[in-house]
Amino acid sequence: MLNTFAQIDYLACSGRTRWHRASALGKLVLAMLLVLLAVFMPQWRVLAALLVTVIALVLSAGLPWRLLGAAMTTPLFFAGLFLLAHWGAGAASIATLAMRPVIASVTALWLVGTTPYPDLFAPISRMLPRVVGDSLFLTYRAVFALLSRIERLSRAMFLRGALTGPLPQRANRMGEAVGTVVLSGFDRSQRLYQAMLLRGHSGRICGCRHYLEFTREDGWVLVLGVWSIAVTVVFAGWGAR
Amino acid sequence: MSHLHIPDGVLPPQLWIAGLVLAFLALLAAVHATRGAGPQQIAYQSALGGIMLAVMAIPIPITAFDYCMTLAGPVGVLLGAGAAFQVSLVVTLILALMGQGGFTVIGLNALVLGAGAATARPVYLRAVAARRSPAAAMAIATAVSQVFSSLLWVVVLWASVRLTPGLAVQQQVREGLRFLAGGSVAAIVAVLMLAAVAIESMLGFGLARFLSRVRPDLLPSSVPAASAPSGTGRPPEAGRF
């Protein structure tokens with residue numbers, strides 16, 4: 001999963017499509033609109049039209065097919081129990097239930113795949129209490145360093161035979177390994193704290209203000225928003241007739 | 001089962017809206033409880049959040065759901081209830097942005113994960129006061145935290161079934177649910193759940209054993225902070241390094 005984190009992070013920073021140039025706030029609002037439409041619309045036709053729209057969004061953002069495939073199948077796996085529970089409720093009901101999470105997941109992929117994390121977190125952190133907003137930035141920043149440490153550690157444990165033997169012994173060793181990562185995380189937090197002090201931390205990590213820089217490409221985001229609402233109204237009306 | 005990966009659109013709106021409201025209130029309470037936390041504490045809890053995210057990258061599939069090692073118990077012990085809830089919310093938010101669990105289920109997810117983490121420290125302190133070793137106390141606290149989260153998880157599923165009108169009236173759907181909840185499936189899930197709790201507890205055991213040998217001051221002590229020679233569970237001041 002964390003390799004996917006890194007890949008998405010790279011795609012968000014290196015992409016050059018119109019979606020990458022659009023403002024984070026506009027994309028965040030569009031993503032929320034799409035998710036809410038998906039969650040509240042009961043007609044499968046509306047959801048099918050929205051699904052086609054979000055797939056087109058992802059492809060036009062130049063995101064890889066493999067990520068799109070993962071975004072479309074993973075939520076179905078997790079919604080499996082609910083789909084099974086609806087098995088006898090008719091094809092339309094199952095299609096509706098299956099498309100909702102897929103639309104939301106593909107929308108999330110488009111959002112994070114076209115928006116660098118400081119821009120994405122900056123508006124979100126402003127809606128959260130200060131401590132939590134700061135934690136959001138620092139946690140995401142810590143993940144990659146800690147992950148590479150965990151990977152090195154597990155490779156070393158494997159090579160030294162620490163991952164063999166009875167389960168309790170292995171779990172115990174894993175715990176000790178996690179302990180070394182906790183210590184490393186603690187030391188890292190000390191260094192980070194000192195760096196924050198040196199750089200004049202004023203009591204809040206504000207993130208950058210790029211998320212508010214509206215560009216010409218935001219027009220496309222607006223068009224997509226209007227399109228999604230129009231599609232919903234048209235197909236919902238068609239379904240009602 | 002301490003972490004829901006249920007995607008958007010499968011839970012009834014009453015449930016996830018209530019979850020969002022409750023999580024927000026719990027967040028405000030958590031922020032109030034940790035008011036006065038300096039950048040050092042924020043950096044420390046972010047490092048532990050990063051470790052939680054990294055550990056969650058190792059999923060163990062259980063039917064339609066995923067069991068993820070969460071470290072919620074150990075993180076709850078190391079940070080205390082308020083900070084652990086904040087970390088849980090941040091981790092859940094980042095996971096949702098990566099398509100692991102829906103946006104709408106962020107509140108429920110944070111509640112399930114955070115409530116488990118929040119129960120861990122009181123249990124740990126009671127166990128230490130009863131003269132258990134830190135490792136055994138951590139294992140007990142982790143197990144209690146996991147079981148509590150799992151119970152909340154079951155409550156969420158139960159509430160979603162009760163609140164979904166389609167499920168309440170359709171005979172075939174009821175039959176489907178009865179099959180899923182039936183003896184053999186339930187027994188398999190229960191055994192897997194117990195195994196998962198045991199693995200996580202053993203991991204907590206190893207972690208606390210390591211920390212008690214190397215950095216006992218990171219583990220909370222049952223002695224009041226004012227008179228404690230060490231081990232208040234708070235990261236030591238930067239000046240000590």
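What counts and how
The written sequence of each chain sets the order in which its residues are numbered from 1. Whichever chain is written first is A, and whichever ligand is written first is 1; the rest continue in order. Where local features are concerned, this predicted model is filtered to residues with pLDDT of at least 70; where side-chain atom pairs are given and counted, the filter is 80 or more; whole-chain, interface and lining totals use all residues. Computation of side-chain values covers all heavy atoms of the structure but excludes hydrogens and water. For our purposes a nonpolar core is just a set of buried Ala, Val, Leu, Ile, Met, Phe, Trp, Tyr and Cys residues, chained together by side-chain atoms within 4.5 Å. Any residue under 20% of the maximum accessible area for its type is buried, any over 50% is exposed, and the rest in between are partly exposed; the area is computed with a 1.4 Å probe on protein chains only. By definition, any uninterrupted DSSP run of H or I lasting at least four residues is a helix, any uninterrupted run of E lasting at least two residues is a strand, and each is numbered from the N terminus. Start and end points for every domain follow an automatic or database-based domain assignment. Any two residues having at least one pair of non-hydrogen atoms within 4.5 Å are treated as being in contact. Here a polar contact is recorded for every N or O atom pair within 3.5 Å, except that within protein the pair must consist of a potential hydrogen donor and a potential acceptor, and residues adjacent in sequence are included only if both atoms are side-chain atoms. Salt-bridge detection follows one rule: a side-chain nitrogen of Lys or Arg within 4 Å of a carboxyl oxygen of Asp or Glu. Axis lines are fitted through C-alpha atoms, for helices just across the contact stretch, and the angle between N-to-C directions can take any value from 0 to 180 degrees. Crossings are classed by handedness, with left-handed meaning an anticlockwise turn of the near helix from the far one by less than a right angle and right-handed meaning a clockwise turn. Polarity classes work like this: nonpolar for Ala, Val, Leu, Ile, Met, Phe, Trp, Tyr, Cys and Pro, charged for Asp, Glu, Lys and Arg, and polar for all others, with Gly in that last group. Buried area: the accessible surface (1.4 Å probe) lost by two parts on joining, summed over both. The aromatic pairing rule takes the rings of Phe, Tyr and Trp, using the six-membered ring of Trp, and pairs them if the centres are within 6.5 Å, calling planes under 30 degrees apart stacked, those over 60 edge-to-face and the rest tilted. For a Lys NZ or an Arg CZ to count as sitting over a ring, it must be within 6 Å of the ring centre and within 35 degrees of the ring normal.

A. Summary view of the nonpolar core. Among the nonpolar cores identified, the biggest contains 130 residues, and L11(B), M52(B) and L211(B) are the most heavily contacted of them. Counting residues per element, this core draws most heavily on helix 7 (residues 91–114) of chain A, which supplies 13 residues. Split by domain, this core shows at least three residues from each of two domains, domain 1 (2–121 + 210–239) and domain 2 (130–198) of chain A. Discounting residues that sit within four places of it in the chain, L11(B) has contacts with F82(A), I6(B), W16(B), V105(B), L108(B), V156(B) and S160(B). Judged by nonpolar contacts, the second largest core, of six residues, contains V131(A), L138(A), M196(A) and I42(B).

B. Region of interest: the side chain of Q146(B). With respect to the helices and strands, Q146(B) occurs in helix 6 (residues 134–163). A polar atom in the side chain of Q146(B) sits 3.4 Å from the side chain of T70(B).

C. Expanded view of the pattern of salt bridges. Tallied over the full model, the rule gives five salt bridges over all chains. A salt bridge links R209(B) to E176(A); the nearest nitrogen and oxygen atoms lie 3.0 Å apart. One end of the pair, R209(B), is in helix 9 (residues 183–214); the other, E176(A), is in helix 10 (residues 167–198), on a second chain. R209(B) sits in the partly exposed class, given a relative accessible area of 34%.

D. Spotlight on the packing of helix 3 (residues 72–79) of chain B against helix 6 of chain B. Residues and elements named next belong to chain B. Where helix 3 meets helix 6, the closest approach of the two axes is 8 Å, and the angle between their N-to-C directions is 120°. Considering how the two elements wind past one another, helix 3 and helix 6 form a crossing that is right-handed. Contacts between helix 3 and helix 6 involve A72, G73, P74 and V77 from the first element and M138, A141, T142, S145 and Q146 from the second. For the contact of helix 3 with helix 6, the per-class residue count stands at five nonpolar, four polar and no charged.

E. Up close: the interface of chain B and chain A. Taken residue by residue, the interface counts 73 residues in chain B and 70 residues in chain A. Of all residues in chain B, L97(B), M98(B) and F103(B) give up the largest surface area on contact with chain A, accounting jointly for 10% of the area buried on that side. In this structure, the connection of chain B to chain A is made through two salt bridges. The salt bridge partner of R213(B) is E176(A), with a shortest N-O separation of 3.4 Å. Inspection of the chain B/chain A interface yields five residue pairs in polar contact (both at pLDDT 80 or more).

F. Representation of the packing of aromatic side chains within the structure. All names here are of chain A. In total, this model carries seven aromatic pairs over all chains according to the counting rule given. Aromatic pair W19 and W110: ring centres 5.6 Å apart, planes at 80°, arrangement edge-to-face. With W19 in helix 2 (residues 18–21) and W110 in helix 7, this residue pair connects regions lying 91 residues apart in the sequence. The same class applies to W19 as to W110, namely buried. Relative to Y140, the ring of F121 lies with its centre 5.4 Å away and its plane at 90°, an arrangement referred to as edge-to-face. Taken together, the residues F121 in helix 8 (residues 117–126) and Y140 in helix 9 (residues 130–159) connect sequence positions 19 residues apart. Over the aromatic face of W220 sits the side chain of R18, whose NZ or CZ is 4.3 Å from the ring centroid.

Read these as geometric descriptors, not functional statements.
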